Amino acid sequence: MIDPQLLRDDPDAIRRSQQSRGASVNVVDQAIEAESARRAAISEFERLRAEQNALGKRVAAAPKEEKQALVAQAQELAAGVKSAQNAAGDAEKHFSDLTRMIQNVVLDGVPAGGEDDFVVLREVGERREFGFEPKDHLALAEGLDAIDMARGAKVSGARFYFLKGLGARLELAIMQLGLDRALEAGFTPVIPPTLVKPEIMEGTGFLGEHADEVYYLPADELYLVGTSEVPLAGLHSNEILDLSDGPLRYAGWSTCYRREAGSYGRDTRGIIRVHQFNKLEMFVYTTPDQAEAEHDRLVGWQEGMLQSLGLSYRVIDVAAGDLGSSAARKFDVEAWVPTQGAYRELTSTSNCTTFQARRLGIRSRGEHGTSPVATLNGTLATTRWIVALLETHQQEDGSVLVPEALRPYLGGLEVLQPTARR
RNA sequence: GGAGACGUCGCAUAGUCCGGUCGAGUGCACCACCCUGCUAAGGUGGAGAGGGGUUUAGACCCCUCCGUGGGUUCAAAUCCCACCGUCUCCGCCA
């Protein structure tokens, strides 16, 4: 949710933001209108309620013979109070509904436009050159008997897979490397619930335009999370946090579920785009003035991971129209995938400023009372990394060199050797 | 799945039977000051959250909040209903 104060003080800033996202500008004016209607309705209700309270006190204190008349008077008033209360409630809801339709105000410097209008901040590492025809990640993984797509489809349908043998170990190794890095940086590891209540899913902003991306279990009124950002944002919902000792940093390790609706035909080969994967996610609660610096640190930790894995990558500043509704800025780190001749997203980190915190009621105590905190999130490791890792470090015989940083997590293994499929 | 108990302003509790004096008492912790001076005790005062309004500001006034949502009533922490959560016992089960 945006800052209602900003709506009053500088609606143009919000209009500009909506514009650069390609979102509705009109809703801003509707919200402003609803805001003044809301205040009028609240004032009217409170005036009547004050009168009712005063009368109620007189009823309580009155001697018996006067009570009858006073109660009659109070009865008349009660109906008016009730309807004023309902009107105030409706006005409040109308305002809230409209305000929630407004997306987070993008930060200065975020490129305007859509998916293709990102700005490349930097490119790091040499792209691997091959003296042979490189295989794609699935061909390599099948040679290693590490991924079984066909049986994944047999058991669960398209976009499901089995990671097995070296594949399973590789994922765990990447995740554990990430976890160790997170621990070094002072993160608290968390294994969160992956089914959450509607208000939590709603609060994180995933039930807006991308609601059809989310798995829902109607029998239990629960949503399957697409990232542990969701439960980690919910972790401190409706709490007042003490951030005087610095930010709260969590590293959530969870399975993630995505319906991938509307992506038919895209990335159908291998595990680039799947319904279920594992992810280690950084999630930070901090004060708004620290948010941008923290955002840079998150990118730094992500880049550290990719560098350790010997991947070449670029960092992009995602354009406004391609941001989630909660994000005020988003950096993606994209690794070079040789057989695609393209950079593919391996990590994504968003600065949600106070947007999520407002929706979820997460505040901290400052000099002038409480105020919403800022939340940030970013990937530290996921299943998808296997794609870039296998392709980048493959050798002509189909074996794959293990980057040094990963070896301790694979029992010292230096090379992944092809094996007969089973 | 069945039965029962419970859910109060940081923590712990009083209040709920018999609705108005609870716009919520007390203890602990907390903050400020005072007193004393020896590491603690005593005294005084303060202190929650959200919203609306008056105001240059400081400040002041008002409304709402006793798990959540409904209902009864002139009036609900208190009565009724539903839901959620916690605990205990029983049953069932990877």
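Here the structure is a predicted model, which means the values were calculated and not measured. (Residues numbered from 1 in each chain as written. Chains lettered and ligands numbered in written order. Predicted model: local features only at pLDDT ≥ 70, side-chain atom pairs only at ≥ 80, totals over all residues.)

**Thoughts on the protein's contact with RNA strand B**
Piece 1. If you check the shell around RNA strand B, you find 18 residues, and the closest are Ala50, Ala60, Ala74, Ala78 and Thr370.
Piece 2. Elements represented by at least two residues in the surface near RNA strand B include exactly helix 3 (26-61), helix 4 (64-101) and strand 15 (369-372).
Piece 3. The dominant element in the surface near RNA strand B, judged by the number of residues it contributes, is helix 3, at 11 residues.
Piece 4. Residue composition of the surface near RNA strand B, by class: seven nonpolar, six polar and five charged. (Near = placed C-beta within 6 Å. Helix = DSSP H or I, 4+ residues; strand = E, 2+ residues; numbered from the N terminus. Nonpolar A, V, L, I, M, F, W, Y, C, P; charged D, E, K, R; others polar.)

**Side note on the sheet that holds strand 8 (residues 239-241)**
Piece 1. Read from one edge of the open sheet, three strands run 8-14-15, paired in mixed fashion. On the outer flanks of this sheet lie strand 8 and strand 15, each paired with one strand and no other. With strand direction ignored, the average angle separating the axes of adjacent strands in the sheet is 40°.
Piece 2. In terms of strand pairing, strand 14 (residues 362-366) meets strand 15 through four bridges, oriented antiparallel. Within strand 15, the position partnered with Gly366 by the bridge is Gly369. (Pairing = 2+ DSSP bridges. Axes fitted to C-alpha atoms, helices over the stretch in contact; angles between N-to-C directions.)

**Here's the deal with the domain arrangement of chain A**
Piece 1. Under the domain assignment, chain A is made up of domain 1 (4-101) and domain 2 (115-416).
Piece 2. With centres defined by C-alpha atoms, the gap from domain 1 to domain 2 works out at 43 Å. (Domains from an automatic or database assignment.)

**Digging into the nonpolar core**
Piece 1. Ranked by internal contacts, the top residues of the largest apolar core, which has 104 residues, are Met282 and Ala335.
Piece 2. For this core, the leading source of residues is helix 7 (residues 166-184), giving seven residues.
Piece 3. Each of domain 1 (4-101) and domain 2 (115-416) accounts for three or more of the residues forming this core. (Core = buried A, V, L, I, M, F, W, Y, C linked by C-beta atoms within 7 Å. Buried ≥ 20, exposed ≤ 12 C-beta atoms within 10 Å, placed from the backbone.)

**Thoughts on helix 10 (residues 291-308)**
Piece 1. Here helix 10 is 18 residues long and its end C-alpha atoms lie 26 Å apart, about the 26 Å a rise of 1.5 Å per residue gives.
Piece 2. Listed as buried for helix 10 are Ala291, Glu294, His295, Leu298, Trp301, Gln302, Met305 and Leu306. The arc enclosing the buried residues of helix 10, seen along the axis, measures out at 140°, which places them on a common side. In helix 10, the exposed positions angled more than 90 degrees off the buried face are occupied by Ala293, Asp296 and Gly300.
Piece 3. Among the structural elements, helix 7, strand 10 (276-286), strand 11 (313-317), strand 12 (329-337), strand 13 (342-351) and strand 16 (374-382) are those in contact with the buried residues of helix 10. (Expected span 1.5 Å × (residues − 1). Arc of directions from axis to C-beta. Contact = placed C-beta atoms within 7 Å.)

**Structural notes on the confidence of the model for chain A**
Piece 1. Averaged over every residue, the pLDDT of chain A is 92; the share at 70 or more is 100%.
Piece 2. Confidence scores differ between elements of chain A, with strand 14 showing the lowest mean pLDDT of 84 and helix 10 the highest of 98.
Piece 3. Among the prediction metrics, the complex's ipTM stands at 0.82, with pTM recorded as 0.92. (pLDDT = per-residue confidence, 0-100.)

**Observations concerning the sheet that holds strand 5 (residues 195-196)**
Piece 1. Strand order in the open sheet made by the three strands is 5-7-6, with antiparallel pairing throughout. Of all the strands in the sheet, the pair left with one neighbour each is strand 5 and strand 6 (216-217).
Piece 2. Of the strand pairs in this sheet, strand 6 and strand 7 (residues 222-224) are connected by two bridges, and their pairing is antiparallel. Of the residues in strand 7, the one forming a bridge with Tyr216 is Tyr223.

**What about helix 3?**
Each α-helix winds once per 3.6 residues, and so residues spaced three or four apart point in a common direction.
Piece 1. Here helix 3 spans 53 Å end to end across 36 residues, near enough to the 52 Å set by a 1.5 Å rise per residue.
Piece 2. Turning to helix 3, its buried residues are Val28, Ala31, Ala34, Arg38, Ala41 and Phe45.
Piece 3. Residues of helix 3 that are buried in the fold lie against helix 1 (4-9), helix 2 (11-21) and helix 4.

**Re the environment of Gly226**
Piece 1. Tracing the backbone shows Gly226 in the loop between strand 7 and helix 9 (229-234).
Piece 2. Taking the C-alpha atoms as reference points, Gly226 and Tyr215, separated by 11 residues in sequence, lie 8.4 Å from one another.
Piece 3. The residues contacting Gly226, other than those within four sequence positions of it, are Phe206, Glu213, Val214, Cys256, Tyr257 and Arg258.

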